Amino acid sequence: MTASEHRTDPAAPRGRGAENAPAAGPGAEFAPRPGPAPLPRMIAAQSALETRMLLRHGEQLLLTVVIPTLLLVLFSAVDIIDTGDGGDTVAGRVAFLAPGILALAVLSTAFTGQAISTGFERRYGVLKRLGASPLPRWALLTAKSCSVAVTLLLQLVLLCAVAFALGWSPAGGAAGVAAALVLLVPATVALSALGLLMAGTLRAEATLAAANLVFILLIFGGGVVVPLENFPDAVARGLELLPVAALSEGLREVLQQGAPLPWGTVALLTGWAVAATAAAARFFRWE
Amino acid sequence: MRSEPAVAVTGLVKRYGDTTAVDGLDLTAERGAVTAVLGPNGAGKTTTVETCEGFRTADGGDVRVLGLDPARDGAALRPRIGVMLQSGGVYPTVRAMEMLRHTARLHAHPLDPEELGERLGLHSCGRTPYRRLSGGQQQRLALALAVVGRPELVFLDEPTAGLDPQARHATWELIRALRAAGVAVVLTTHLMDEAEELADHVAVVDVGRVIAAGSPAALCGGHDDVLRFEGRPGLDLASLDAALPPGARAEESPAGHYCVTGAGGPALLAAVTAWCAAHDVLADRITTRRHSLEDVFLDLTGRKLRP
């Protein structure tokens, strides 16, 4: 091994490479010493970065915090729409609305927010550039999921606090909370994958428009603030198959009515999660 | 294994639909050297570099980067190379130094991002979101991101496009430091002075092929030097020609402006000044010019504007 071979050896101990470099002195710190950081460190760093940027983004906060909170407060305080039985008191309306708004939170962060930000990252070449970094693509997606999970958790805490302040008293106790989590996980995976599918196939502007349109339509058509039974029967049968509607209705069964975990809904959401993940993995384009 | 070149491309072909962007291109880049891929816009420079980086798959030919196939062994290759894209590649809302620190964290033994940021003048705009950085600041950040992981090989796609003179020189200094430290640098440029200033090896690319390759000196060699001076009109050119090295000749156009062309640079200058001294001519505004890479480039690719 010659001195110059030492320099390019990634396994060479620190410092030695610089000593052996022919031009030690200014610039010797550039002596090659490549290598990826340990995977957990990369994923943690990437998750932290993605989360920071998500929380820093104004429009994103409008979508994830302001709109769901406003809807919850407004529709609870004022009797605007028919929320079914018990809709004549604030507590009754909150009992109906809170599960729907929690579902909306998942839709806003996992689907709409993620679709828009990923769509523009793709358009600006961020995904391409990261593709040339040591971070594997699956690790990037893992980091994105972690960032969605952290944001969603903050959102759920905030929205539950607002709901409690409005007099929410969810049914079901600890078992109800556990059942709600069992519903939330596959729904988040499904909506997240659908958001990535959209971001990875459409142009960024089209994603922006479509993701916002879907968000607004599903506020009203996804069982979030309007009970699905208010729709004509045939339409309601179709709508209740959508992941958001399935999630809001499922959460409502558990947290409003105190019913046991609806396994049919869990199966439906899991089906969505599997299909959407497969489609995203198949069709996502990085450039 | 270690003595193999950092980049070895032979017969690369890349088509986009009916257009052949790269048409049998050969390129070799050595470790500890700067290789410039020089060519007009649309010559296939970026396609070639992006194939080496693993962003595109070749339609033909063989591509070896650090002994690996970028299309197949991307995962093993990526941590060892640094990439500077021509534009973009950074989150619009991320702050300049935040992105640099983050990228450092993805590597096992990165450079100190603070020192690197200092060196490239990124600290003054360290808290500015990427989309509000000037074009030059974005370029410098992209360069910093490419080298922070201490790669063996860096690809720089038009690294000084749009930079002011100070930033350009800071970039050149950094590239020289990389070479001195044993890093292989492959850069694309359409700036002749950049290639002449930095490169150990230049590959001139046009319409998807390498039309000339070698050191800047070798590419510029074999051409006549040009010496100009001013003096009183109507000097005896026949006498001057006789005093010049073989093959060189003098012309007067317009009156009082003399142009001497011929091989042999220093000897040519000595012959002209000796003749002037002997004939009591005070030569004014003497200038000499070697054949530049720009002349070579224009000779090879033609002087017409491209469609």
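Residues numbered from 1 in each chain as written. Chains lettered and ligands numbered in written order. Predicted model: local features only at pLDDT ≥ 70, side-chain atom pairs only at ≥ 80, totals over all residues. Heavy atoms only, no water.

## What about the sheet that holds strand β9 (residues 209-214) of chain B?
Residue and element names in this part refer to chain B. Quick note on the threshold: Paired strands, in this sense, are two strands between which DSSP finds at least two bridges. Secondary structure elements are defined from DSSP: runs of H or I of at least 4 residues count as helices, runs of E of at least 2 residues count as strands, and each element is numbered from the N terminus. Helix axes use the C-alpha atoms of the stretch in contact, all axes being lines fitted to C-alpha atoms, and the angles between their N-to-C directions lie in the range 0 to 180 degrees.
One open sheet holds the 6 strands; their spatial order is β5-β6-β7-β3-β8-β9, and the pairing between them is mixed. Of all strands in the sheet, those bounded by a partner on one side alone are β5 (81-84) and β9. Averaged over all pairs of adjacent strands, the angle between strand axes in this sheet comes to 15°, irrespective of strand direction. The pairing of strand β8 (residues 201-206) with β9 spans 5 bridges and is classified as antiparallel.

## Description of the pairing of strand β6 (residues 153-157) of chain B
Residue and element names in this part refer to chain B. Note the cut-off: To sort residues, take the accessible area from a 1.4 Å probe on protein chains only and compare it with the maximum for the residue type: under 20% means buried, over 50% means exposed, and anything in between is partly exposed. By definition, the crossover connecting two strands over a helix is right-handed if that path, from the first strand to the second, turns clockwise as seen with the strands pointing away from the viewer.
In terms of burial, β6 is largely enclosed, as 5 of its 5 residues are buried. Every second residue of β6 is oriented toward a common face, with L153, F155 and D157 on one face and V154 and L156 on the other, all of them buried. When β5 meets β6, the two strands line up parallel, connected through 4 bridges. Residue pairing for β6: V83 is matched across the bridge by F155. As judged from the 5 bridges shared by β6 and strand β7 (residues 184-189), these two strands associate in the parallel manner. Looking at β7, one finds that L153 is bridged to A184. This β-α-β element, β6 to helix α6 (residues 165-180) to β7, shows right-handed connectivity.

## Describing a nonpolar patch on the surface
What counts is decided by this rule: Surface patches are drawn from residues lacking salt bridges whose relative accessible area is over 30%; two like charges belong together within 9 Å, two nonpolar side chains (Val, Leu, Ile, Met, Phe, Trp, Tyr) within 5 Å. Per-residue and other accessible areas follow the Shrake-Rupley method at a 1.4 Å probe size, with only the shown protein chains counted as cover for residues. The salt bridge criterion pairs a side-chain nitrogen of Lys or Arg with a carboxyl oxygen of Asp or Glu, the two atoms within 4 Å.
There is a patch of nonpolar side chains on the surface, built from L55(A), L61(A), V150(A) and L154(A) and spanning about 310 Å² of accessible area. Within the secondary structure, L55(A) sits in helix α3 (residues 39-56).

## Description of the domain arrangement of chain B
Spelled out, the test is: Where each domain starts and ends comes from a domain assignment, either automatic or drawn from a database.
Split by domain assignment, chain B resolves into domain 1 (7-220) and domain 2 (225-290). Taking only C-alpha atoms, the centre of domain 1 of chain B and the centre of domain 2 of chain B are 44 Å apart.

## Details of the interface of chain A and chain B
Operational definition: Note on contacts: a residue pair qualifies if any of its non-hydrogen atoms lie within 4.5 Å across the two residues. Put simply, buried area is how much 1.4 Å-probe accessible surface two parts lose in total, over both of them, once they are put together. Here a polar contact is recorded for every N or O atom pair within 3.5 Å, except that within protein the pair must consist of a potential hydrogen donor and a potential acceptor, and residues adjacent in sequence are included only if both atoms are side-chain atoms.
Contact with chain A, which involves 41 residues of that partner, is made by 43 residues of chain B. Between chain A and chain B the total buried area reaches about 4000 Å² when both faces are included, carbon and sulfur atoms providing 58% of it. Interface area lost by chain A to chain B is led by F30(A), R33(A) and R129(A), which between them contribute 19%. Linking chain A to chain B there are 5 salt bridges. We note a salt bridge from E98(B) to R52(A), for which the minimum N-O separation is 2.8 Å. Taken together, the links from chain A to chain B amount to 20 residue pairs in polar contact (both at pLDDT 80 or more).

## Concerning helix α3 (residues 96-105) of chain B
Most of α3(B) is tucked away: 8 of the 10 residues are buried. Residues of α3(B) that are buried: A96(B), M97(B), E98(B), M99(B), L100(B), H102(B), T103(B) and A104(B). Looking at the buried residues of α3(B), the elements they touch are α3 of chain A together with α4 (113-119) and α5 (135-147) of chain B.

## Observations concerning the environment of L159(A)
Residues and elements named next belong to chain A. The topology assignment puts L159 in helix α7 (residues 137-165). The exposure class assigned to L159 is buried, which follows from its relative accessible area of 2%. Setting aside anything within four residues of it in sequence, one finds L159 in contact with P68, T69, L72, I101, L102 and A105.

## Let's talk about the nonpolar core
We count it as follows: Throughout, nonpolar core names a set of buried Ala, Val, Leu, Ile, Met, Phe, Trp, Tyr and Cys residues whose side chains join them through atoms within 4.5 Å.
Grouped together as the largest cluster of nonpolar side chains are 66 residues, with contacts concentrated most on L100(B), L116(B), L156(B), V185(B), V202(B) and L293(B). Of all hydrophobic cores here, the second largest spans 52 residues; its members include L71(A), L152(A), L159(A) and I219(A).

## So, the layout of surface pockets
Residue and element names in this part refer to chain A. We count it as follows: Grid points spaced at 1 Å over the protein atoms alone were grouped into cavities, where a 1.4 Å probe fits but cannot get out, and pockets, open sets with protein on both sides within 12 Å along at least five of seven lines, with lining residues defined by an atom within 4 Å of a point. Grid points are joined across faces, edges and corners, and a volume is the space filled by probe spheres set on the points. When residue character is reported, Ala, Val, Leu, Ile, Met, Phe, Trp, Tyr, Cys and Pro are called nonpolar, Asp, Glu, Lys and Arg charged, and the others, Gly included, polar.
There is about 590 Å³ of room inside the largest pocket. Elements with a contribution of two residues or more to the lining of the largest pocket: α3, α4 (58-77), α5 (90-123), α7 and α9 (204-221). Counting residues per element, the lining of the largest pocket draws most heavily on α5, at 8 residues. Of the residues in the lining of the largest pocket, the class split is 12 nonpolar, 10 polar and 5 charged.

## Concerning the sheet that holds strand β2 (residues 19-29) of chain B
Whether parallel or antiparallel, the strands of a sheet pair through hydrogen bonds between backbone atoms. Residues and elements named next belong to chain B. One open sheet accounts for 3 strands, arranged β2-β1-β4; its pairing is antiparallel. The open sheet has two edge strands with one neighbour each: β2 and β4 (60-65). Neighbour to neighbour, the strand axes of the sheet diverge by 25° on average, direction disregarded. In this structure, strand β1 (residues 7-16) lies alongside β2, joined through 8 bridges in antiparallel fashion. When the bridges of β2 are listed, Y16 appears paired with T19. The sheet strands contacting helix α1 (residues 45-52) are β1, β2 and β4, and the helix crosses β1 at an angle near 120°.

## Considerations on the packing of aromatic side chains
Note the threshold: Aromatic rings from Phe, Tyr and Trp, taking only the six-membered ring of Trp, are treated as a pair when their centres fall within 6.5 Å; an angle between ring planes under 30 degrees marks them as stacked, one over 60 as edge-to-face, and anything in between as tilted. Placement of a charge over a ring requires the Lys NZ or Arg CZ to be within 6 Å of the ring centre, with the centre-to-atom vector within 35 degrees of the ring normal.
Evaluation of the coordinates by the stated rule reveals 4 aromatic pairs over all chains. For K128(A), the ring lying beneath its charged end belongs to F55(B), and the centroid distance is 5.2 Å.

## Focus: the pattern of salt bridges
Across all of its chains, the model carries 26 salt bridges over all chains by this definition. One salt bridge connects E287(A) with K128(A), and the closest N-O pair in it is separated by 3.9 Å. Here K128(A) lies in helix α6 (residues 126-131) and E287(A) lies in the segment after α12 (263-283), a separation of 159 residues in the sequence. Measuring nitrogen to oxygen at the nearest pair gives 3.3 Å for the salt bridge that ties D233(A) to R237(A). In this pair, D233(A) and R237(A) both sit in helix α10 (residues 233-239), 4 residues apart, roughly one turn of the helix. Residue R237(A) is classed as partly exposed on the basis of its relative accessible area, which comes to 43%. Each of K128(A), E287(A), E50(B) and R56(B) takes part in salt bridges that share partners, so that together they form one network.

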